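# Geometric and topological summary
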Amino acid sequence: MSIQVIYITGFGRSGSTILDIVLGSAPNVFGCGELNAFVRSGLLRGEPCSCGKPVPDCSVWSEVVKAWPLARDKSALRAYSSIVDKADRSPLIRSRVSARAWDFFRRHSADLYQAISEVVGAVVLIESSKSPHRLRNLLGLQGVDFQAIHLIRDVVGVVSSMHRGLAADPSAGVAKDIPSRSSFQTVAAWRASNHSAERVCRDMGDRSIVVHMEQMISSPVSTFEQVARHYGLDLTRVCAAVAANQPIPIHHPVAGNRLRMQENLVIRQDAASCESGARSDWLRRIAVFGASRRLRQTLMGGTTSRDVC
Ligand SMILES: [Zn+2]
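Model, not experiment: these values are computed from the prediction.

Here the focus is the coordination of the zinc ion. Coordination sphere of the zinc ion, protein contribution only: Cys49 (SG), Cys51 (SG), Cys58 (SG) and His252 (ND1), at 2.1 to 2.4 Å. Every donor counted, the four donor atoms about the zinc ion form angles of 96 to 115 degrees at the centre, which fits tetrahedral coordination. All donors of the zinc ion come from a single chain, and their spacing in sequence reads C-x1-C-x6-C-x193-H. Look at Cys51 and you get partly exposed, because its relative accessible area is 35%. Cys58 sits in the buried class, given a relative accessible area of 0%.

Shown next, in the form of structure tokens:
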């Protein structure tokens, strides 16, 4: 039986960790977090899992390491990590690395999904690595059926979030200093990332859907229910907890937003995403310039046929 990987793609600071935790709470589903950071940050640097333990000592990931043959060889892990980084940054690395390196990346990535599935006993994995290029490079892996959620946050909310830099605090889930980003840098990166996500999702057809972060925050239950219906997940208990303002337990996402380091997640409205005024209009105009039809509609508050929420 194929492993189903529901891959959350889009730009950072868009709520992917929240969606990963919520979907990963369904029965027979496991939320991996940002799996593209598993080897580099988790195994090679020993950064903490969401449970608070260093990834190599986590009760789940330590078992994954035992079940994943590549993890026995540290130099092979470094080589794999280097290709993973390339695959994050560039689409179709097949033409940029040797055939041997491409096969190495694909084979061991498939083995990693297999090892996780075996250890956690789930055939559905949630991954919030976000990079659309990684998704493109992983499509067609043997034994892995990829589906995608393109998660889009309004550019104004992202700019506001990226203005706030973060100081390194590994125990709180911030591995290194994250400098403040200018509006111009953020808008350019947001647009490029969402454009790439849109293209890969378009190629995946009905194996992808679009979710808007603002809708997820303002109407979480209906948003999660629609995603659950589309992918055949049972989110009954999670949605009941959200509707009652009850916390959702956080398990072992391996990397992602620092909120994953809390024991529980309580979903509440993010005021930053509701920013309005002259600056917002100015940012939107820049973001809209040259953007695709669907992104323009997203920015102007419209919807398209592929949007589920
Ligand atoms: Zn853990």
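In this section: the packing of helix α7 (residues 155-163) against helix α8 (residues 183-204). Two numbers describe how α7 lies on α8: the axes approach to 9 Å, and their chain directions differ by 130 degrees. Comparing their axes, α8 and α7 come out oblique. Remark: the crossing between α7 and α8 carries right-handed chirality. Residues Val155, Val158, Val159, Met162 and His163 of α7 touch α8, and the partners they reach there are Ser183, Thr186, Val187 and Trp190. Looking at the contact of α7 with α8, its residues break down into six nonpolar, three polar and no charged.

A full pass over the atoms with the stated rule returns nine salt bridges. The shortest N-O distance in the salt bridge between Lys66 and Glu63 comes to 2.9 Å. Here Lys66 pairs with Glu63, and both are found in helix α3 (residues 61-67), just three residues apart, close to one helical turn. For Lys66, a relative accessible area of 56% gives the class exposed.

Here we take up the sheet that holds strand β5 (residues 208-212). Judged by pairing direction, the sheet is parallel, and its five strands sit side by side in the order β2-β3-β1-β4-β5 without closing on themselves. What marks the edges here is a single partner per strand, and that holds for β2 (29-33) and β5. Strand after strand, the sheet turns through a mean of 25 degrees between neighbouring axes, direction not considered. Where strand β4 (residues 144-152) and β5 come together, five bridges link them in parallel fashion. What sits directly across from Ile152, in β5, is His212. Strands in contact with helix α1 (residues 16-23) are β1 (3-10), β2, β3 (124-130) and β4; relative to β3, the strand with the most contacts, it is inclined by about 175 degrees. Together, β1, β4 and β5 form the strand contacts of helix α10 (residues 220-231), whose direction differs from that of β5 by roughly 175 degrees.

Let us now look at the environment of Ala110. Note that Ala110 resides in helix α5 (residues 99-120). Once the C-alpha coordinates of Ala110 and Gly143 are considered, the two residues, 33 residues apart in sequence, prove to be 7.2 Å apart. If near-sequence neighbours (up to four positions away) are discounted, Ala110 is found in contact with Leu141 and Gln142.

The pLDDT averaged across the protein works out to 86; a share of 85% of its residues lies at or above 70. Low pLDDT (under 50) marks residues 269-278, which in the prediction has 15 contacts with non-local residues, meaning those over four places away or in another chain.

Procedures and definitions
Think of each chain on its own: its residues are numbered from 1, step by step along the sequence as written. Where totals are concerned, whole chains, interfaces and linings use all residues; where local detail is concerned, this predicted model gives features only for residues with pLDDT of at least 70, and gives and counts side-chain atom pairs only at 80 or more. Side-chain figures throughout are based on the complete set of non-hydrogen atoms in the structure, without hydrogens or water. Only nitrogen, oxygen and sulfur atoms qualify as donors, and only when within 2.8 Å of the metal (3.2 Å in the case of Na, K and Ca); with water excluded, sites may look incomplete. Here a site with four donors is tetrahedral if all angles are between 85 and 135 degrees, and a site with four or six donors is square planar or octahedral if opposite donors are over 155 degrees apart and the other angles are between 65 and 115; anything else gets the irregular label. For every residue, the accessible area obtained with a 1.4 Å probe (protein chains only) is divided by the maximum for its type, and the residue is called buried under 20%, exposed over 50%, and partly exposed between those limits. Here the axes come from fitting lines to C-alpha atoms, over the contacting stretch only for helices, and the angles between their N-to-C directions go from 0 to 180 degrees. In this description a helix means any DSSP run of H or I spanning at least four residues, a strand means any run of E spanning at least two, and both kinds are numbered starting from the N terminus. Any angle that is under 35 degrees is reported as roughly parallel, and any over 145 degrees as roughly antiparallel; angles of 65 to 115 degrees are reported as roughly perpendicular and all others as oblique. Helix crossings are classified by the rotation of the near helix relative to the far one: an anticlockwise turn of less than a right angle makes the crossing left-handed, while a clockwise turn makes it right-handed. Should any heavy atoms of two residues lie within 4.5 Å, those residues are considered in contact. Each residue is assigned to one class: nonpolar for Ala, Val, Leu, Ile, Met, Phe, Trp, Tyr, Cys and Pro, charged for Asp, Glu, Lys and Arg, and polar for all the others, Gly among them. When a carboxyl oxygen of Asp or Glu lies within 4 Å of a side-chain nitrogen of Lys or Arg, that pair is called a salt bridge. Should DSSP find at least two bridges between two strands, the strands are taken to pair. A residue's pLDDT is the confidence the predictor assigns to it, expressed on a 0 to 100 scale.

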